[in-house]
Amino acid sequence: MQIAFIGLGNMGGHMAANLVKAGHGVRAFDLDAGAVARVAEQGASAASSVADAVQGAQIVITMLPAGPHVLRVCFGEDGVAAHAAPGALFVDCSTIAVTHAREAGEKAAAAGFSFVDAPVSGGVAAAEAGTLTFMAGGSEADFARAQPVLAAMGKNILHAGGVGNGQAAKIANNMLLGISMIATSEAFALAEKLGLDAQTFYDISSKASGQCWSMTSYCPAPGPVATSPANRDYQPGFAVAMMLKDLKLSQEAARAVGFETPLGRDAEAIYDALSKDGHAGMDFSGVIRRIKGEI
Ligand code: NAD
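Predicted model, so just to flag it, every value in this text is computed and none were measured.

Undergrad: Can you break down the pairing of strand 2 (residues 25–29) residue by residue, with the values?
TA: Counted residue by residue, strand 2 has 4 buried out of 5 residues, so it is predominantly covered. Following the backbone out of strand 1 (residues 2–6), through helix 1 (residues 12–21) and into the adjacent parallel strand 2, one traces a crossover that is right-handed. Pairing between strand 2 and strand 3 (residues 45–46): 2 bridges, direction parallel. Each bridged residue has a counterpart across the sheet, and for Arg27 the counterpart in strand 3 is Ser45. What joins strand 2 to strand 3 is helix 2 (residues 33–41), and the crossover it makes is right-handed.

Undergrad: So what's going on with the site of the ligand? Residues and values would help.
TA: If you check the shell around the ligand, you find 23 residues, and the closest are Asn10, Met11, Asp30, Leu64 and Lys245. Within the backbone of Asn10, a nitrogen or oxygen atom sits 2.9 Å from an oxygen atom of the ligand. Contact between the ligand and Pro65: an oxygen atom at 3.1 Å from a main-chain N or O atom of the residue. Protein coverage of the free-state accessible area of the ligand, which is 830 Å², stands at 84%. For the shell around the ligand, the secondary-structure elements that each account for two or more residues are helix 4 (67–75) and helix 12 (240–256). Here the shell around the ligand is composed, by residue class, of 12 nonpolar, 8 polar and 3 charged.

Undergrad: Outline the packing of aromatic side chains, listing residues and values.
TA: Aromatic ring pairs are defined here through the distance separating the ring centres and the angle between the ring planes. Applying the stated rule across the entire model yields 7 aromatic pairs. Measuring from ring centre to ring centre gives 5.2 Å for Trp213 and Tyr218, while their planes differ by 20°; the resulting arrangement is stacked. Residue classification places Trp213 among the partly exposed residues on the basis of a relative accessible area of 46%. According to the relative accessible area criterion, Tyr218 is buried, its value standing at 12%.

Undergrad: Tell me about the pattern of salt bridges, and please be specific about residues and values.
TA: Taken as a whole and judged by the stated rule, the model has 9 salt bridges. One salt bridge in this structure joins Glu103 and Lys107, with 2.9 Å as the shortest N-O distance. Here the residue Glu103 and the residue Lys107 both occupy positions in helix 6 (residues 98–110), the gap between them amounting to 4 residues, near one helical turn. Exposure remark for Glu103: the relative accessible area of 30% places this residue in the partly exposed category. Note on Lys107: relative accessible area 37%, which makes it partly exposed. For the salt bridge of Glu268 with Lys248, the shortest nitrogen-to-oxygen distance reads 3.5 Å. With Glu268 in helix 13 (residues 262–279) and Lys248 in helix 12, the pair connects residues that are 20 residues apart, well separated along the chain. Owing to a relative accessible area of 34%, Lys248 belongs among the partly exposed residues under this scheme. Through salt bridges that share partners, Lys248, Glu268, Asp272 and Lys276 make up one connected network.

Undergrad: Quick one: what's the story with the nonpolar core, residue by residue and with numbers?
TA: Ranked by size, the top nonpolar core spans 35 residues in total, and within it Phe5, Met15, Ile61 and Phe134 carry the most contacts. Residues in contact with Met15, not counting those within four places in the same chain, are Phe5, Met63, Cys93, Val120, Ala127, Leu132, Phe134 and Met153. Core analysis: the next-biggest nonpolar cluster, separate from the first, contains 27 residues, Leu244, Ala267, Met282 and Ile288 among them.

Undergrad: A description of unusual backbone geometry should follow, citing residues and the corresponding values.
TA: With an omega of 10°, the peptide bond between Pro236 and Gly237 qualifies as cis. On the secondary structure map, Gly237 appears in the loop between helix 11 (213–216) and helix 12. The phi dihedral of Asp233 is positive, around 55°, even though this residue is not glycine. Note on placement: Asp233 falls in the loop between helix 11 and helix 12.

Undergrad: Explain the packing of helix 12 against helix 13 residue by residue, including any values.
TA: A pair of packed helices is characterised by two quantities: the angle between their axes and the separation of those axes. Their axes nearest at 9 Å, the elements helix 12 and helix 13 cross at an angle of 145°. Here helix 12 and helix 13 pass one another in a crossing that is left-handed. Of the residues in helix 13, those in contact with Val240, Met243, Leu244, Leu247, Lys248 and Gln251 of helix 12 are Gly264, Arg265, Ala267, Glu268, Tyr271, Asp272, Leu274, Ser275 and His279. In terms of residue class, the contact of helix 12 with helix 13 is made up of 7 nonpolar, 4 polar and 4 charged.

Undergrad: Requested: an account of the environment of Gly43, with residues and values cited.
TA: Summarising the element assignment, Gly43 is placed in the loop between helix 2 and strand 3. Residue Gly43 is classed as exposed on the basis of its relative accessible area, which comes to 51%. Separated by 17 residues in the primary sequence, Gly43 and Val26 place their C-alpha atoms 8.2 Å from one another.

What counts and how
Residues numbered from 1 in each chain as written. Predicted model: local features only at pLDDT ≥ 70, side-chain atom pairs only at ≥ 80, totals over all residues. Heavy atoms only, no water. Buried < 20%, exposed > 50% of the residue type's maximum accessible area, 1.4 Å probe, protein only. Helix = DSSP H or I, 4+ residues; strand = E, 2+ residues; numbered from the N terminus. Right-handed = clockwise from strand over helix to strand, strands pointing away. Pairing = 2+ DSSP bridges. Near = heavy atom within 4 Å. Polar contact = N/O pair within 3.5 Å; in protein donor to acceptor, adjacent residues only side chain to side chain. Areas by Shrake-Rupley, 256 points an atom, 1.4 Å probe, with all protein chains shown as cover. Nonpolar A, V, L, I, M, F, W, Y, C, P; charged D, E, K, R; others polar. Phe/Tyr/Trp six-rings, centres within 6.5 Å; stacked < 30°, edge-to-face > 60°. Salt bridge = Lys/Arg side-chain N within 4 Å of Asp/Glu carboxyl O. Core = buried A, V, L, I, M, F, W, Y, C linked by side-chain atoms within 4.5 Å. Contact = heavy atoms within 4.5 Å. Axes fitted to C-alpha atoms, helices over the stretch in contact; angles between N-to-C directions. Left-handed = near helix turned anticlockwise from the far one by under 90°.

Following this line, the structure appears as structure tokens:
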């Protein structure tokens, strides 16, 4: 399959390399020439522009910072839609607003293209290992077209429904993650105040009804889970800035449908304060340090 890949940053660079490894022809473009050169070293062809990247591509993948970038790259002047082959499938793997994904879907359809939103769960390590989880929104037929290509970059490829539903699943999931990380941190901090050390509380709560992913896979307290960022001074992992981006998207989406998520709103405020206080680059599990009054 001939694939155009646009956006070769921390995630996209590895994802494009995995497509090459799976035997696809990849023409890669990024505004950063260094990023293009790194992917070209892995066997992709270096493209000099969006127009150059999409020549002959049946599938165009974007992995960009946010919704406005995706709309500009796909539908702006000299963008993907102006140069792609008729009937090409656009697959956007960036995390963007549900409204932006649906706008992209409508614009693609009006111009004779197909669109699937396919945001990912899993960070840079999963992008490199090809073990991402994709949550895809699009028609059955478009999902079936995207599925084998996504499978070269991930291990779980899930269909969430129509266009925009992939983003909806992603931000609802990450709102839950943000809330559960704060809740887990409060529980460990309270247990410590009451005289339990982190390991003792972990051994009990991980076998009781408080058990959750934030505790057993990514424990915010140093000690119990060897691979947690807590054991490497909260180096990310998944940074506060990225969690804040997803929580803001969840609140935007909730407002757009007139719905209240009080704990999601509180989680956004907590991560926003951490970010403003200079901790945007810390792993999001470092919120426990704020709860303990250490930062
Ligand atoms: P990044 O900032 O490292 O990469 C984005 C790339 O897009 C950059 O290389 C930038 O030069 C390029 N770019 C921007 N505008 C462009 C344009 N007009 N044309 C061509 N290239 C352009 O970001 P990332 O960490 O790779 O994340 C990408 C997306 O994936 C984001 O939406 C992010 O929220 C999402 N995401 C990231 C992670 C993570 O752990 N990093 C995890 C899940 C989802």
